[in-house]
Amino acid sequence: MDIITAPSYEALSKEAAAYISRKVQDNPQIVLGLATGSTPTGLYEQLIKDHITLGTSYRHVTTFNLDEYVGLSKENPNSYYAFMEKHLFQHLDIQSEYTFIPDGMSAHQQKECNIYEEKLKKHGPIDLQILGLGANGHIGFNEPGTSFASRTHIVELTDSTRKANSRFFKDIKDVPTHAITMGIDSIMGAKEILLLVAGENKRKAFEQLLYGEISEDFPASILKKHPCVKILADQSVLGTSGIIA
Ligand code: F6R
């Protein structure tokens, strides 16, 4: 794993955006794996700026999102579909038929997982996967204990993840209990992975990623086995904790 530190969240977002924009320019048909949540919003802001000022085009880019809540429609502002529209897609020249997100409203959830895997097979592999890090070590919505061999599947969200994500909802009761997520093996199929880690609340998880063993109890630990992983961490993650990145 190649670890790069940035002095601030803004610097991390700019660095990640510059890296991705270069990749898109080098390969206009790139397949990107995308994440939601707080961590990549600064990156998406920078990508939009770059698109507007430098004209980087996403016309031929394909994207796959990691996950979606079960039971939230596209119109629900808390769905990851709405998140991606708001924070990225509506500002780019990307073609909506090439932006894939699991359908959390599907009446046949297992079938939806299989369909998503089929799409990954047809349009993939993912060239560059962007990941955030859960405070409990999850990647995508693969909670501790998920099999490293998992493909796209339905997960029951842990109380800690529902609590962490409740900041986006009116009430914790409104946070869905389940989600569809790409599996760990689906994520590991990406040719390259860029993991973004920002904020003091990720310090413990980051430390465990660096120094802990590879275990299904800490899903992100599998990244140590991927041949091409870059980690971008900001100063607040490192703090004065003595973590040596
Ligand atoms: C989101 C996702 C999650 C987040 C993680 C960190 O699509 O897959 O793994 O990356 O929960 O979330 P934030 O960035 O909100 O701290």
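A brief look at the structure comes next. (Residues numbered from 1 in each chain as written. Predicted model: local features only at pLDDT ≥ 70, side-chain atom pairs only at ≥ 80, totals over all residues. Heavy atoms only, no water.)

This structure, assessed with the given rule, holds seven aromatic pairs. Ring centres of Y69 and Y80 lie 4.8 Å apart, and the angle between their planes is 45 degrees; this geometry places the pair in the tilted category. Here the residue Y69 occupies a position in strand β4 (residues 67-69), and Y80 occupies one in helix α3 (residues 80-87), the gap between them amounting to eleven residues. When sorted by exposure, Y69 lands in the same class as Y80, which is buried. Ring centres of Y69 and F169 lie 5.8 Å apart, and the angle between their planes is 80 degrees; this geometry places the pair in the edge-to-face category. With a gap of 100 residues between them, Y69 in strand β4 and F169 in the loop between α5 (159-165) and β8 (178-181) connect regions that are remote in the sequence. On the basis of relative accessible area, F169 is assigned to the buried category, the value being 10%. Three or more aromatic residues link up through ring pairs in this structure, and these residues are Y69, Y80, F83, F141 and F169. (Phe/Tyr/Trp six-rings, centres within 6.5 Å; stacked < 30°, edge-to-face > 60°. Helix = DSSP H or I, 4+ residues; strand = E, 2+ residues; numbered from the N terminus. Buried < 20%, exposed > 50% of the residue type's maximum accessible area, 1.4 Å probe, protein only.)

In contact at an axis separation of 10 Å, helix α2 (residues 41-54) and α3 are set at 40 degrees when each is read in the N-to-C sense. By the angle between their directions, the pair α2 and α3 is classed as oblique. Across the interface between the two elements, T41, Y44 and I48 from α2 touch F83, M84 and H87 from α3. Residue composition of the contact of α2 with α3, grouped by class: four nonpolar, two polar and no charged. (Axes fitted to C-alpha atoms, helices over the stretch in contact; angles between N-to-C directions. Parallel < 35°, antiparallel > 145°, perpendicular 65-115°, else oblique. Contact = heavy atoms within 4.5 Å. Nonpolar A, V, L, I, M, F, W, Y, C, P; charged D, E, K, R; others polar.)

Lining the immediate environment of the ligand, one finds 14 residues, of which T39, D67, H138, G140 and K202 sit closest. Within the side chain of T36, an N or O atom sits 2.8 Å from an oxygen atom of the ligand. Computed on the free molecule, the ligand has an accessible area of 410 Å², of which 93% lies beneath the protein chains in the complex. Per-class residue counts for the shell around the ligand are three nonpolar, eight polar and three charged. (Near = heavy atom within 4 Å. Polar contact = N/O pair within 3.5 Å; in protein donor to acceptor, adjacent residues only side chain to side chain. Areas by Shrake-Rupley, 256 points an atom, 1.4 Å probe, with all protein chains shown as cover.)

What follows concerns the environment of D103. Locating D103 in the fold gives a position in the loop between β5 (99-100) and α4 (109-123). Those residues in contact with D103, other than ones at most four positions away along the chain, are E112 and I180.

Evaluation of the coordinates by the stated rule reveals seven salt bridges. A salt bridge links K121 to E118; its shortest N-O distance comes to 3.9 Å. Taken together, the residues span about one helical turn, with K121 and E118 both in helix α4 at a distance of three residues. According to the relative accessible area criterion, K121 is exposed, its value standing at 65%. One salt bridge in this structure joins K173 and D171, with 3.7 Å as the shortest N-O distance. Judged by its relative accessible area of 29%, D171 is partly exposed. Within this structure, E117, R151 and D185 form a network of salt bridges that share partners. (Salt bridge = Lys/Arg side-chain N within 4 Å of Asp/Glu carboxyl O.)

Here the focus is the packing of helix α1 (residues 9-26) against α2. Between α1 and α2, the least distance of the axes is 8 Å, while the angle of their chain directions is 50 degrees. Classified by the angle their axes make, α1 and α2 are oblique. For α1 against α2, the interelement crossing comes out right-handed. Together, Y9, S13, K14, A16, A17, I20 and S21 of α1 and T41, G42, L43, Q46, L47 and D50 of α2 make up the contact between the two elements. (Left-handed = near helix turned anticlockwise from the far one by under 90°.)

Another aspect to go through is unusual backbone geometry. Between G124 and P125 the backbone carries a cis peptide bond, its omega angle lying at 5 degrees. Along the chain, P125 falls in the loop between α4 and β6 (128-132).

To continue, consider the sheet that holds strand β7 (residues 153-156). One open sheet accounts for three strands, arranged β4-β8-β7; its pairing is antiparallel. Since the sheet does not close on itself, it has two edges, and those belong to β4 and β7, each with one partner. The mean inter-strand angle of the sheet, taken between neighbouring strand axes irrespective of direction, is 25 degrees. (Pairing = 2+ DSSP bridges.)

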